[in-house]
Amino acid sequence: MGHRSLRRPLAVAVFIVASLALASLTVRGGRDGAGADADAAEQTAVHASPAPSEPGSAGAGAGVSVAPSPDGRRSVRVGPNRQVAGDLSDPQKKDIAMRLVSSAENSTLDWTAQYAYIEDIHDGRGYTGGVVGFCSGTGDMRAVVERYTRAVPGNRLAAYLPALKRVNGSASHAGLDPNFTSDWRAAAADPAFRAAQDAERDRMYFNPALSQAKQDGLRVLGQFAYYDAIVMHGANGLAKLRRAAAAKAPPPARGGDEAAYLEAFLDARVDLMESERGHDDDSRVNDAQRVFLAARNFDLDPPLHWRVYGDTYDIAA
């Protein structure tokens with residue numbers, strides 16, 4: 001997983017166009033790599049990819065609108081606040097989670113516009129691309145292309161599979177340059193490629209985070225904290241954070257106080273971020289997740305207001 005705080009710029013014009021026409025959400029259910037069965041993941045994949053936004057197209061979900069304010073603020077309305085408790089896989093809650101991650105990874109709430117994103121952010125993981133920053137150097141980008149190729153044999157990215165296998169574990173572009181990035185962007189117009197990204201996101205990251213958070217007795221905020229952590233630090237990183245937090249405060253499943261456990265988890269998260277290359281800005285934790293925790297918004301209900309890297313974001317009820 002590549003983290004994109006190193007790349008902050010997103011063209012405002014692109015954001016405005018995409019924001020005016022978010023694609024509609026269709027919900028299915030999940031994602032992790034630690035031995036999860038691919039077929040089972042497909043049965044629980046949560047987000048069916050929309051087509052790329054175009055001026056005049058339908059919005060993303062009933063009642064959803066997005067508009068940036070002149071001062072760089074990003075705002076979105078998620079429709080009626082249904083106060084769904086307990087599960088981040090609820091369609092509205094999952095969409096909120098994707099927007100929260102996108103605010104940190106892409107400086108925009110329009111996460112559906114990120115399927116075509118790809119660049120080398122020079123974090124030692126090669127190319128970073130797609131909705132959660134799949135990386136050529138960590139194996140998850142190859143998993144996306146493999147899934148896409150099973151669905152669409154002979155697609156424009158299939159020829160890069162040998163190179164993606166060779167560069168795993170490195171920052172190398174060998175066998176990928178000069179056309180891999182342009183082919184990735186072109187492939188993003190294919191619904192099958194977007195679906196492959198969604199399925200691998202859920203299989204490798206979303207499903208394991210949700211499952212482990214439920215095992216620890218956490219509500220939606222805690223489930224999101226686990227998801228955001230696994231996106232940045234991977235499955236091993238999440239396991240390390242859980243151990244560190246439990247050493248200071250037991251999770252609710254073991255009779256502990258949920259707020260105290262989450263404080264310990266976020267403390268451990270900040271410590272881990274500060275020890276990793278390119279992750280020293282902890283605003284996605286201290287100016288977002290801690291804000292929700294301080295408000296005791298355990299169900300992550302809108303309205304939500306937070307800051308990441310100096311930018312302000314809002315999700316209205």
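Read on for an overview of the structure. Remember, predicted model here, so these are calculated numbers, not experimental data.

1. Description of unusual backbone geometry
And step 1. Look at the link from aspartate 177 to proline 178: it is a cis peptide, with omega at 10 degrees.
And step 2. Here proline 178 is to be found in the loop between helix H5 (161–167) and helix H6 (180–187).
And step 3. At the junction of proline 302 and proline 303, the peptide bond is cis and its omega measures out at 5 degrees in the coordinates.
And step 4. As for its placement among the helices and strands, proline 303 is situated in the loop between helix H10 (283–294) and strand S8 (304–308).
And step 5. Phi is positive for serine 107, close to 55 degrees, though the residue is something other than glycine.
And step 6. With respect to the helices, strands and loops of the structure, serine 107 is situated in the loop between helix H3 (91–105) and strand S5 (118–120).
And step 7. Look at serine 107 and you get buried, because its relative accessible area is 7%.

2. Quick notes on H6
And step 1. Among the residues of H6, Phe180, Thr181, Asp183, Trp184 and Ala187 are the ones counted as buried. One face of H6 carries all of its buried residues, which in axial projection span an arc of 165 degrees.
And step 2. If you follow the buried residues of H6, they end up packed against S5, strand S6 (127–129), helix H4 (140–151), H5 and helix H7 (191–215).

3. Section: the sheet that holds strand S7 (residues 134–135)
In sheet architecture, strand pairing relies on hydrogen bonds along the backbone and comes in two forms, parallel and antiparallel.
And step 1. Taken in spatial order, the three strands make up an open sheet running S5-S6-S7, and their pairing is antiparallel. Each edge of the open sheet is held by one strand with a lone partner, namely S5 and S7.
And step 2. For S6 and S7, the ladder comprises two bridges, and the chain directions are antiparallel. The residue bridging glycine 129 from the neighbouring strand is phenylalanine 134, located in S7.
And step 3. Where H6 meets the sheet, it contacts S5 and S6, and its direction lies at approximately 155 degrees from that of S5.

The rules behind each value
Residues numbered from 1 in each chain as written. Predicted model: local features only at pLDDT ≥ 70, side-chain atom pairs only at ≥ 80, totals over all residues. Heavy atoms only, no water. Helix = DSSP H or I, 4+ residues; strand = E, 2+ residues; numbered from the N terminus. Buried < 20%, exposed > 50% of the residue type's maximum accessible area, 1.4 Å probe, protein only. Arc of directions from axis to C-beta. Contact = heavy atoms within 4.5 Å. Pairing = 2+ DSSP bridges. Axes fitted to C-alpha atoms, helices over the stretch in contact; angles between N-to-C directions.

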